[in-house]
Structure formats: structure tokens, C-alpha cells
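# Results of the structural survey
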Amino acid sequence: GNSVTQMEGPVTLSEEAFLTINCTYTATGYPSLFWYVQYPGEGLQLLLKATKADDKGSNKGFEATYRKETTSFHLEKGSVQVSDSAVYFCALSARNTGTASKLTFGTGTRLQVTL
Amino acid sequence: DTAVSQTPKYLVTQMGNDKSIKCEQNLGHDTMYWYKQDSKKFLKIMFSYNNKELIINETVPNRFSPKSPDKAHLNLHINSLELGDSAVYFCASSRGGAGGPISYNEQFFGPGTRLTVL
């Protein structure tokens, strides 16, 4: 079956530090890959996505590249801000013929950014 | 102009009661979903409907019954609530399901309903 593995949190960084949150996946076929963010007390928001190998998704200074050879989709940001403090979820959506699209999520990584 | 809305936002109830959570989307999407987020933040899909037809039904107790009166609404009814049902329930929608363009898979989430069973 499909699965997503994320690095354990929490991740605590000082403002302006470099962020990497690792994500690897197992899937049949060619999945689409997503990063969602959940701010405290809120629902999930799509942060970025990539739909095929070597695609780079980017948004709000965050980037992730779809690496088929290493089955990875690591999230990076060059300089984090306090407002980036949230839980980040890596997810995949596999396009298996005859079945519906559904998201398989990683366990989430909490990011805490301090001044 | 909320895209995916859920009611109520908070729900506190006693064990054994029956309750419903409602979800509505105004995005014109064909597919809607229910996810459960447990206390450790783990998210797992429960159900999905496409044009009022059930297309995903994960291993969920049959006390949980989704109902889709039209493609813009997907409600979740829970019978005989148990302590373990306490969680945050998220509704989501996407333009399509399997077979369409990949962009159709992008899911938009509601704000969640925090259910607490006492």
C-alpha cells in the first residue's frame, strides 16, 4: 500500500534559520506529492505540490522537489519566520485506475520558530 | 465566501449519544471527503463521495454513516458515540476523483470539527 514517512518533530529553530523537513514515500504508480500546513487551531492548507518527477513546488519561500530516484519530497525554506510555526504534513495522492483519489498523509512535523 | 465550511466547530457530548457534523463546499467540486485527525495529529481518510456516490469507505465502524444529499454537501452521522471517537474531523473537497487531470486531485479542507466525547 501507499505510505508517507516524515521526520519526527518537533523541530525548533531560531528565526532566519534554514529549514529542512524530510519526507519519503512508497507508492504504486506515479503519485502526486503535496505539503500541507496546519496553523494552530486551524484546518489544513495546501502549501505546495508537485505532480511528476523533478517538478519543484514552491510557495511562500518554501520549496520541495519531487525526487523519484530517492522517493523523496523534502520541504525546505532558506529563512524561517516565527509566523511559520505550524504542523507540516507531507502527503501523496496516487492515481490508481479504477479507484478514487485519496490523500495518504505522513504523521506531521511540528515546527516551532523562536526569536 | 468560505470554500469548505463545517458545522459545528466544536461538539461536546456524552458517550452513547448520536451526533451529526455537516459539511458544505461552494467550489463546484464533484468529490468530497471526511478525514479523522487523532490526538497525535495523525490524519486518516474515512470516506469519499463523488457526485453523491460513495467511492471510498475505509475501515471505519458502521456507527459512522456519511450522507450526501447533493454534491455540495457531505454530512457525517455518528451513532452510539464512544470515547475513542474524540478527534478533529475534517471535511475536504476536490474537483474530481480518479482518471481526471492531476490538478483535479488537489483537495481543499474545511476548518475542522473538534469532537469531544465525555
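See the structure above.
The notes below deal with the structure included here.

Conventions we followed
- Residues numbered from 1 in each chain as written.
- Chains lettered and ligands numbered in written order.
- Predicted model: local features only at pLDDT ≥ 70, side-chain atom pairs only at ≥ 80, totals over all residues.
- Heavy atoms only, no water.
- Helix = DSSP H or I, 4+ residues; strand = E, 2+ residues; numbered from the N terminus.
- Disulfide = S-S within 2.5 Å.
- Phe/Tyr/Trp six-rings, centres within 6.5 Å; stacked < 30°, edge-to-face > 60°.
- Pairing = 2+ DSSP bridges.
- Axes fitted to C-alpha atoms, helices over the stretch in contact; angles between N-to-C directions.
- Salt bridge = Lys/Arg side-chain N within 4 Å of Asp/Glu carboxyl O.
- Buried < 20%, exposed > 50% of the residue type's maximum accessible area, 1.4 Å probe, protein only.

### Quick look at unusual backbone geometry
Among all residues save glycine, negative phi is the norm, and among peptide bonds the norm is trans. Looking along the chain, the bond that leaves Gly9(A) and enters Pro10(A) is cis, with omega of -5°. Examined against the element boundaries, Pro10(A) turns out to sit in the loop between β1 (3-6) and β2 (11-14). The phi angle at Lys52(B) is positive, at roughly 70°, despite the residue not being glycine. With respect to the helices, strands and loops of the structure, Lys52(B) is situated in the loop between β5 (43-50) and β6 (53-57).

### A look at the state of the cysteines
Residues and elements named next belong to chain A. This structure, assessed with the given rule, holds 2 disulfides over all chains. Here Cys-23 connects covalently by a disulfide to Cys-90, the sulfurs 1.9 Å from one another. Across the S-S bond of Cys-23 and Cys-90 the torsion is about -70°, and the bridge reads as left-handed. Of this pair, Cys-23 sits in strand β4 (residues 23-26) while Cys-90 sits in strand β10 (residues 86-93), placing them 67 residues apart in sequence.

### Things to note about the packing of aromatic side chains
This structure, assessed with the given rule, holds 12 aromatic pairs over all chains. Arranged with centres 5.6 Å apart and planes meeting at 40°, the rings of Phe62(A) and Tyr88(A) form a pair that is tilted. In this pair, Phe62(A) is assigned in strand β8 (residues 62-65) and Tyr88(A) in strand β10, connecting sequence segments 26 residues apart. What links up through ring pairs into an aromatic cluster is the set Phe34(A), Tyr36(A), Phe89(A), Phe105(A), Tyr33(B), Tyr35(B), Phe90(B) and Phe109(B).

### Quick look at the sheet that holds strand β1 (residues 4-7) of chain B
Residues and elements named next belong to chain B. What the 4 strands build is an open sheet, ordered β1-β3-β8-β7; its pairing is antiparallel. In this open sheet, the two edge strands, each paired with only one partner strand, are β1 and β7 (64-70). Put simply, the sheet's adjacent strands are angled 20° from each other on average, direction ignored. Inspection of the sheet shows strand β3 (residues 19-25) paired to strand β8 (residues 73-78) by 4 bridges, in the antiparallel sense. Bridge pairing links Ile-21 to Leu-76 in β8.

### A word on the pattern of salt bridges
Under the definition given, this model contains 7 salt bridges over all chains. Notably, a salt bridge pairs Asp55(A) with Lys52(A), separated by 3.3 Å at the nearest N-O pair. You can call Asp55(A) partly exposed: its relative accessible area is 22%. Residues participating in the shared-partner salt-bridge network are Arg63(B), Glu82(B) and Asp85(B).

### Structural notes on the pairing of β4(A)
Residue and element names in this part refer to chain A. The alternating pattern of β4 places Cys-23 and Tyr-25 on a buried face, while none of Thr-24 and Thr-26, on the opposite face, is buried. Looking at chain direction, β1 and β4 are connected through 4 bridges and run antiparallel. Bridging across to β4, Val-4 finds its partner in Tyr-25.

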